[in-house]
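Structural description and commentary
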Amino acid sequence: MKKIFYIFLKDFSSELRTRYALNALVMFIIVAVSIILFSIGSEKAPENIFAGMFWVVVFFSAMSGLSRTFVSEEERGTTLILSLIAHPTSILLGKFLFNLVLIFFINTVIAVLYYTVFSDFVIRNFEMFVYAFILGNIGIAGSSTIIAAIISKANAKGTLYPVLSFPILLPLILMLIEITKFSVEGISLNEATAEFLVLISYDIIMITASIMVFEIIWRD
Amino acid sequence: MIKISLEVQNLKKLFSRRLIFKELDFSLNQSQSLIIAGKNGSGKSTLIKIIAGVLSHSGGNIRYIKEGKEIDKEKIFNFIGLVSPYLILYDEFTAKENLELFARIRGLKIETDLIDNLLNEIGLYDRRNDLLRTFSSGMKQRMKYASSILHNPLVLLIDEPTSNLDLLGKEFVQNLIQRYRKEKIVIVATNDREDYSFGDSVINLDDYK
């Protein structure tokens, strides 16, 4: 566990010094929310649309920032030193932890900004939204980390990341949109049990599968 | 002295369909050293990476045996130190931070004396708090040596041992290799005939095509 934490700490300190992902992400969030704000204008959009748009911003933010953990190591040539000092599973989980903290931070910023800017975005079942937010972030961080590991070895990293991520993240995003819609409508938690079970299963499957395949990806 | 041996049997490496080397066999025990020679592109660095366990091979077998027990492939990195031109450390951290970071990730106890002594040994103690991005290529090469011996490895792999080093640096490398040759396995990949003195035997990869 300590080794995983130190890999996370390395990435965290590195990010604070280089701002490799953070600056791009914050700019992306501001631009994306502004575009939605200007495009809606004074129109009254249905509440469901806001729920969908929220996760669209989250998805594209994840696309623009979460690949950096592995891509930056590959681009700077530091992959080898990392291979020489740590077990592949520690590397994967350290990177996952970093992406998890990063996605929690950026998604909290998006949520606060969204809630402040769009007065029509009213969450009536806040508890449900928080659970979906937590499970969604774990799923996004889990799948983004393993996809980042795969694309970091490829030549066309920038285009490959969203292409690979879309089919993998689609079931998660659809489920998150559905649950956010429920929380906006004020539906009780019991009525969304099936959707939450899908979210929990997705998170467990993605993290387990990532641990199983990572070593093969990492070695070549 | 800890007993360690490396057995390489019928090793083969292909990149797509291009053969790098095949039918490579050798074995080494503690206190033995090997020179890997061959012209540019013969696969010296590839072989070093395969022996280090960071690159897969296409055929054959590599085994590390410590005190009669085979080391699990996933744990090989604990016993290996690697220095090579393609090994790049973290530019955004200082020399001391890099070594502390590696020690922590490896699970070693951080002893300030150990890291300070190491920095002193490589002649970079005065620059310990400077970011690596401000270092010259020779200073970075010295840092690579420090990172590779931090955990006192049983197998030391060195690709192009004296590249970018000044006279003092070369002297440090010679002393280090002589010290490690007494108790551990040392493998050096080089084109420089002067470096052949670092090894007990020589393998020329041009003969394994």
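See the structure printed just above.
From a predicted model like this one, the values you see are computed outputs, not experimental measurements.

Quick word on the overall build of chain A
- Helix and strand content of chain A: nine helices and zero strands.
- Going residue by residue from the N terminus, the α and β elements of chain A occur as α-α-α-α-α-α-α-α-α.
- Computed over C-alpha atoms, the radius of gyration of chain A comes to 18 Å, within 12% of the 17 Å expected from 2.2 N^0.38 for 220 residues, which places it in the range of a compact globule.
- Seen through its C-alpha atoms, chain A measures out along the principal axes to roughly 55 × 35 × 30 Å.
- Residues classed as buried in chain A amount to 50% of the 220 residues present.
- Of all intrachain contacts in chain A linking residues separated by at least 6 positions in sequence, the fraction that spans at least 24 positions is 85%.
- For chain A, the computed accessible surface area is about 9700 Å², with 71% contributed by carbon and sulfur atoms.

Section: the environment of L118 of chain B
All names here are of chain B.
- Tracing the chain through its elements places L118 in helix α3 (residues 112-121).
- Look at L118 and you get buried, because its relative accessible area is 8%.
- For the pair L118 and A146, spaced 28 residues apart in sequence, the C-alpha separation works out to 6.3 Å.
- Ignoring anything within four residues of it in the chain, the contact list for L118 reads L99, A146, I149 and L150.

Quick word on the sheet that holds strand β2 (residues 18-29) of chain B
Residues and elements named next belong to chain B.
- Read from one edge of the open sheet, four strands run β2-β1-β4-β5, paired in antiparallel fashion. In this open sheet, the two strands that pair with only one neighbour each are β2 and β5 (69-70).
- As judged from the eight bridges shared by strand β1 (residues 4-15) and β2, these two strands associate in the antiparallel manner. Following the sheet pairing, L14 is matched in β2 by L19.
- Contacting β1, β2 and β4 (59-66), helix α1 (residues 44-52) crosses the sheet at an angle of about 130 degrees to β1.

Here we look at the sheet that holds strand β6 (residues 80-83) of chain B
Residues and elements named next belong to chain B.
- Ordered in space as β6-β7-β8-β3-β9, the five strands form an open sheet in which the pairing is parallel. Only two strands of the sheet have a single partner each, and these edge strands are β6 and β9 (201-204). Each neighbouring strand pair of the sheet contributes to a mean axis angle of 15 degrees, computed without reference to strand direction.
- One ladder, built from four bridges, connects strand β3 (residues 33-37) with strand β8 (residues 185-189); its direction is parallel.

Re the nonpolar core
- The biggest cluster of nonpolar side chains holds 140 residues, and the ones touching the most others in it are I140 of chain A together with L6, I51, M143 and I187 of chain B.
- Counting residues per element, this core draws most heavily on helix α7 (residues 126-151) of chain A, which supplies twelve residues.
- If sequence neighbours within four positions are ignored, I140 of chain A has contacts with W55, V58, A62, L66, I103, L169, L172 and I173 of chain A.

Points about the pattern of salt bridges
- According to the stated counting rule, one finds 16 salt bridges over all chains in the structure shown.
- A salt bridge links E97 of chain B to R17 of chain A, with the nearest nitrogen and oxygen atoms 2.8 Å apart. Of the two residues, E97 of chain B sits in helix α2 (residues 95-106) while R17 of chain A sits in helix α1 (residues 2-18), which places them in two different chains.
- Between R63 of chain B and E7 of chain B there is a salt bridge, and its shortest N-O distance comes to 2.9 Å. With R63 of chain B in strand β4 and E7 of chain B in strand β1, this pair connects stretches of sequence that are 56 residues apart.

Remarks on the side chain of K96 of chain B
- The topology assignment puts K96 of chain B in helix α2.
- Sequence-distant contacts of K96 of chain B, defined by excluding residues within four places in its chain, comprise T112, I115, D116, L119, R128 and N129 of chain B.

With respect to the side chain of S14 of chain A
- Tracing the sequence through the fold places S14 of chain A in helix α1.
- One polar contact links S14 of chain A to E92 of chain B, side chain to side chain, over a distance of 2.5 Å.
- Each residue touching S14 of chain A, except ones within four places of it in the same chain, is listed here: R19 and R76 of chain A together with E92 and F93 of chain B.

Here's the deal with the environment of Y131 of chain A
Residues and elements named next belong to chain A.
- Following the sequence through the fold, Y131 ends up in helix α7.
- The spatial distance from the C-alpha of Y131 to the C-alpha of K157 is 32 Å, given a sequence separation of 26 residues.
- Every residue in contact with Y131, bar those within four places of it in the chain, is listed here: L189 and F196.

Details of helix α4 (residues 137-149) of chain B
- With 13 residues, α4 of chain B ought to run about 18 Å at 1.5 Å a step, and its terminal C-alpha atoms sit 19 Å apart, in line with that.
- Burial runs high along α4 of chain B: eleven of the 13 residues are buried.
- The complete set of buried residues in α4 of chain B reads G138, M139, Q141, R142, M143, K144, Y145, A146, S147, S148 and I149 of chain B.
- Here the buried face of α4 of chain B lies against α5 (79-85) of chain A together with β6, α2, α3, β7 (155-159) and α5 (167-183) of chain B.

Definitions and cut-offs
Residues numbered from 1 in each chain as written. Chains lettered and ligands numbered in written order. Predicted model: local features only at pLDDT ≥ 70, side-chain atom pairs only at ≥ 80, totals over all residues. Heavy atoms only, no water. Helix = DSSP H or I, 4+ residues; strand = E, 2+ residues; numbered from the N terminus. Rg over C-alpha atoms; globule rule 2.2 N^0.38 Å. Buried < 20%, exposed > 50% of the residue type's maximum accessible area, 1.4 Å probe, protein only. Contact = heavy atoms within 4.5 Å. Areas by Shrake-Rupley, 256 points an atom, 1.4 Å probe, with all protein chains shown as cover. Pairing = 2+ DSSP bridges. Axes fitted to C-alpha atoms, helices over the stretch in contact; angles between N-to-C directions. Core = buried A, V, L, I, M, F, W, Y, C linked by side-chain atoms within 4.5 Å. Salt bridge = Lys/Arg side-chain N within 4 Å of Asp/Glu carboxyl O. Polar contact = N/O pair within 3.5 Å; in protein donor to acceptor, adjacent residues only side chain to side chain. Expected span 1.5 Å × (residues − 1).

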